[in-house]
Structures are given as structure tokens and as C-alpha cells.
Amino acid sequence: MASTFTLIQAQTLSSNAASLDFTLIPQTYTDLVLYVSSRNITNQEQWLSIGFNNVTTNYSNLLMWNDGGTLNGAAPTNQPPLALALTDLNSASNTWSNNQLYIFNYASSVGKSYTGWGAQASTAAANSYWGFSGNKWANTAAITTLNITTRVAPSIGISSGSTFYLYGIKNT
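If you're wondering where the values come from, they're calculated on a predicted model, not measured in any experiment.

(A) Main features of the pairing of strand β8 (residues 97–103). Of all 7 residues in β8, 6 are buried; the element is thus mostly enclosed. Pairing analysis gives 7 bridges linking strand β3 (residues 31–38) to β8, with the strands arranged antiparallel. Bridging across to β8, Leu-34 finds its partner in Leu-101. Strand direction decides the pairing type here: β8 and strand β9 (residues 112–120), joined by 6 bridges, are antiparallel. Within the sheet, the bridge partner assigned to Ile-103 lies in β9 and is Tyr-114.

Structural data, given as C-alpha cells:
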């Protein structure tokens, strides 16, 4: 059970952005958790991809998602995961996706396991998503940077007002 839950860094986008990073993550915690409330700037389906230390290889992912009533699954490899959903412009105004990414033993010298979940509300059934992911990064480096980008194309951005909170967790 987590005994401490400490905010490391918070970011609120003041303008639309294609990506953002959390850098200089301290190595003093056991696990990390990222909470995201975000919105897409287009009406296209869009997901956030989370990578580590500016490295784009050695990722394994198992994904399950519901796309407007259809259950889907995939197991892409060697790419940062489709970890978190973005609400699109077809959604009602002031509707945001809510997401969490939990990273276990991020400072260890073995591969990193992490899980993600996300949900986005939409007034159009065809654009309503929720999903879960189980992921592994096969790298022995401690995680010092989180790289967050849009998945469909880097030019399709994350809406201003989107919030990102990174917490460190100490287990005793």
C-alpha cells in the first residue's frame, strides 16, 4: 500500500500543443502515476502516446478498447503505447477525457511495467471510447523523462486547458 503520494510536477496547457515532457524526474520514489484530463483540437480519433527518456523502441503493449460499442484488442510492439484517450471536438463542450498511467518500479534496473486506462465521453456514439493497456518497456535505464505525444500525427494537437499531474509514490 502506498504510504506517500507526492505531486512531482503539474502542467496545464496554456495553448494547443502536439507534445509535452516531464523531465528531471527524481529517483526517490517507488512508482509513478500520471493523471490526465485532456481534449483533442480536431474531430479525428486521437490517442496520447507515452514514452520514456526520448526512447522509441523496446515497448510491448496489450490493448483493449471500446470504440462506439465495438470491443477491440491489439498487441503492437516496438512503439510507445496508445496509452490514453483524447476527447474529440464532436464531444459536448467542456467534455474532457480522463486517464491514468501507473508505472511500477520506474527507477529499477530491470524492464518497466505500467498500466493505463482512459475514457472519453462523447455525444456521438461512434466517438465514445474507453480503454485499458498493460505495457512493458524492456530497458534497464531509470525513467527520468516522460514523453507525451499525440498518436495519429504529431501535428494534431492537445487542446489548451488540458492538465497533466505526475505523482511519486513511496511504498513501505
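(B) Representation of the environment of Phe-5 within the structure. Inspection of the secondary structure assignment puts Phe-5 in strand β1 (residues 2–12). A residue is classified by how much of its surface remains accessible, and Phe-5, at 43% relative accessible area, is partly exposed. In this structure, the C-alpha to C-alpha distance between Phe-5 and Ile-169, residues 164 residues apart in sequence, is 4.8 Å. Filtering out sequence-adjacent residues up to four positions away, Phe-5 remains in contact with Val-33, Tyr-35, Tyr-167, Gly-168 and Ile-169.

(C) Focus on the packing of aromatic side chains. For the coordinates displayed, the defined rule picks out 8 aromatic pairs. Pairing Phe-5 with Tyr-35 gives two aromatic rings, centres 6.4 Å apart and planes at 50°, and the pair type is tilted. Here the residue Phe-5 occupies a position in strand β1, and Tyr-35 occupies one in strand β3, the gap between them amounting to 30 residues. The partly exposed category is assigned to Tyr-35, whose relative accessible area is 31%. An aromatic cluster is present here, built from Phe-52, Tyr-59, Tyr-114 and Trp-137 joined pairwise through their rings. Lying over the aromatic face of Tyr-29, Lys-170 brings its terminal NZ or CZ to 5.9 Å of the ring centre.

Rules and cut-offs
Residues numbered from 1 in each chain as written. Predicted model: local features only at pLDDT ≥ 70, side-chain atom pairs only at ≥ 80, totals over all residues. Heavy atoms only, no water. Buried < 20%, exposed > 50% of the residue type's maximum accessible area, 1.4 Å probe, protein only. Helix = DSSP H or I, 4+ residues; strand = E, 2+ residues; numbered from the N terminus. Pairing = 2+ DSSP bridges. Contact = heavy atoms within 4.5 Å. Phe/Tyr/Trp six-rings, centres within 6.5 Å; stacked < 30°, edge-to-face > 60°. Lys NZ or Arg CZ within 6 Å of the ring centre and 35° of its normal.

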